[in-house]
Amino acid sequence: MIIKSLELKNFRNYQDLYISFDEGTNILYGDNAQGKTNVLEALYVSGTTKSHKGSHDRDMIRFGEEEAHIRTVVEKAGVEHQIDFHLKRNSAKGIAVDKIPIHRARELFGMLNIVFFSPEDLNIIKEGPALRRRFMDMELGQLNTIYLSNLAKYNRVLKQRNQLLKDLHLKPELEDTLSVWDDQLVAYGTQIIAQRREFLKKLSEIVLPIHNRISGKKEQLRLAYEPSCEEEDFLEALIQSRQKDKRTGMTSCGPHRDDICFYINDVDIRTFGSQGQQRTSALSLKLAEIELVKKTIHDTPVLLLDDVLSELDSKRQNYLLNSIRDIQTIITCTGLDEFVRNRFRINRVFLVRNGRVDEQGGF
């Protein structure tokens, strides 16, 4: 699986842009705030329908314009496909695959699998659980269309239940209808819990040897899923927390409160790990994510690295670069020193400056 080209119109700071990518390693370099990450964001939207930053569609449209266009050409199993997005300021986005409109995100499922690695991901372990839940949701959503559907339905029901909890202060007679939302939360939530558990089990098996190698065989990394409640206890937990939920106007248990624990030699490094341990574990997690995608889709994903190398020491840089030689990679950075120093083969280099992207060749 590779991205052949990207075409943008009125997306972020780009009025018009066309880039043809190599199937190997592509570098986008230049000063900060020139538009490098915007290219990666457009590619990520093409694979997932969402911004990796969580931005709304209207925020990705160039200032002063009413809509933006993203066109990505992907080659999969030797066949080219065209993915088109029209982002609109005042209405829902339009999506087409091979010029045929689609109406649900899951219809894009499997067309383009992307692993995105940014400096924020290096903080996934020390930051709060919301970042770790987002990691599960974004990756599982690309690998499992049933999960994507369950998550969308769960979030809709959760929003409606929370609104009802807030309305009870004025309309206490509506409390009997809470059980309707409870049943639906449980129906979708138990499936989400089971799917996350299986995902993390597989990921933990892959991450163990990767982290063992990066750490010089000194550390054993283990992932553990921490659901806020077990599948079989979910309904009872909702009933038990009902009075608390009525006071706060929020649902206090369910998959939206889950977390992942990271253990090194049985020590929880979220709290007790050094920054070096946390960063090495985050790197191991991303490399394990790549391997899991390969095993699941029987193909290689596209890797997007957003200015990550500058955040890693030379040892971790070397390990990362040596681990990605067999997949298409698109990297942003401010300079090329790391690649020259590591004698890393670059197939195509682009200079990004003031919303322009100029090809410089390769080395």
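What you are looking at is a predicted structure, and each value in this text was computed from that prediction instead of being measured.

### So, the sheet that holds strand 6 (residues 94-97)
Strand order in this open sheet of six strands is 2-1-4-5-6-7, and the pairing throughout is antiparallel. Sheet topology places strand 2 (14-20) and strand 7 (100-102) at the edges, where each strand pairs with a single neighbour. Within this sheet the neighbouring strands show an average axis-to-axis angle of 20°, counted without direction. Pairing analysis gives four bridges linking strand 5 (residues 79-88) to strand 6, with the strands arranged antiparallel.

### Overview of the side chain of Arg 12
Residue placement: Arg 12 occurs in the loop between strand 1 (2-11) and strand 2. Using a relative accessible area of 18% as the deciding quantity, one classes Arg 12 as buried. At 2.8 Å, the side chain of Arg 12 and the side chain of Glu 41 are in polar contact. Those residues in contact with Arg 12 that lie beyond four places of it in its chain are Asn 38, Glu 41, Lys 53, Ser 55, Asp 59, Met 60, Ile 61 and Arg 62.

### Details of the confidence of the model for the protein chain
Here the protein chain averages 91 in pLDDT, while 98% of its residues score no lower than 70. Element-level mean pLDDT values for the protein chain span from 71 in helix 10 (residues 337-341) up to 97 in strand 1.

### Digging into the sheet that holds strand 11 (residues 267-268)
The sheet built from three strands is open, its strands ordered 9-10-11 with antiparallel pairing. Where the open sheet ends on each side, the last strands, each with one partner, are strand 9 (221-226) and strand 11. Note: strand 10 (residues 259-264) against strand 11, two bridges, orientation antiparallel. Across the sheet, Ile 264 pairs through a bridge with Val 267, a residue of strand 11. Set on the sheet, helix 4 (residues 178-214) makes contact with strand 9 and strand 10; between it and strand 9 the angle comes to about 170°.

### Considerations on the pattern of salt bridges
Enumeration over the complete set of coordinates arrives at 27 salt bridges. Notably, a salt bridge pairs Glu 75 with Lys 4, separated by 3.7 Å at the nearest N-O pair. Taken together, the positions of Glu 75 in strand 4 (residues 67-76) and Lys 4 in strand 1 put the pair 71 residues apart, joining distant regions of the chain. What makes Glu 75 partly exposed here is its relative accessible area of 24%. Each of Arg 132, Glu 226, Asp 259, Asp 268 and Arg 270 takes part in salt bridges that share partners, so that together they form one network.

### Remarks on the packing of helix 4 against helix 8 (residues 275-297)
Contact geometry for helix 4 and helix 8: axes closest at 8 Å, N-to-C directions at 125°. Viewed along their axes, helix 4 and helix 8 adopt a mutual orientation that is oblique. As helix 4 packs across helix 8, the resulting crossing turns out to be right-handed. Along the contact surface, helix 4 presents Phe 199, Lys 202, Leu 203, Ile 206, Val 207, Ile 210, His 211 and Ile 214, while helix 8 presents Thr 280, Ser 281, Leu 283, Ser 284, Leu 285, Leu 287, Ala 288, Glu 289, Glu 291, Leu 292 and Lys 295. When its residues are assigned to classes, the contact of helix 4 with helix 8 shows 11 nonpolar, four polar and four charged.

About the cut-offs
Within each chain, residues carry numbers counting from 1 in the order of the written sequence. Residue-level local features of this predicted model are given only where pLDDT is at least 70; pairs of side-chain atoms are given and counted only at 80 or more, and the full residue set underlies all totals for whole chains, interfaces and linings. Neither water nor hydrogens contribute to the side-chain values; these are computed over all heavy atoms in the structure. A pair of strands is considered paired only if DSSP assigns at least 2 bridges between the two. Helix and strand definitions follow DSSP, with helices as H or I runs of at least four residues and strands as E runs of at least two, each counted in order from the N terminus. Comment: axis = line fitted to C-alpha atoms, over the contacting stretch for helices; angle = value between 0 and 180 degrees taken between N-to-C directions. Exposure categories follow from relative accessible area, calculated using a 1.4 Å probe and restricted to protein chains: below 20% of the type maximum is buried, above 50% is exposed, and the middle band is partly exposed. Here a polar contact is taken to be a pair of N or O atoms separated by no more than 3.5 Å, where protein atoms must pair a possible hydrogen donor with a possible acceptor and residues adjacent in sequence count only if both atoms sit in side chains. The contact criterion used is simple: two residues touch if any of their non-hydrogen atoms lie within 4.5 Å. Every residue carries a pLDDT, the predictor's confidence in it, which falls somewhere between 0 and 100. Just to be clear on terms, a salt bridge is a Lys or Arg side-chain nitrogen sitting within 4 Å of an Asp or Glu carboxyl oxygen. Note on terminology: angles under 35 degrees are roughly parallel, angles over 145 are roughly antiparallel, angles of 65 to 115 are roughly perpendicular, and the others are oblique. Take the far helix as your reference; a near helix turned counterclockwise from it by less than a right angle gives a left-handed crossing, and one turned clockwise gives a right-handed crossing. Classification convention: Asp, Glu, Lys, Arg as charged; Ala, Val, Leu, Ile, Met, Phe, Trp, Tyr, Cys, Pro as nonpolar; all other residues, Gly among them, as polar.

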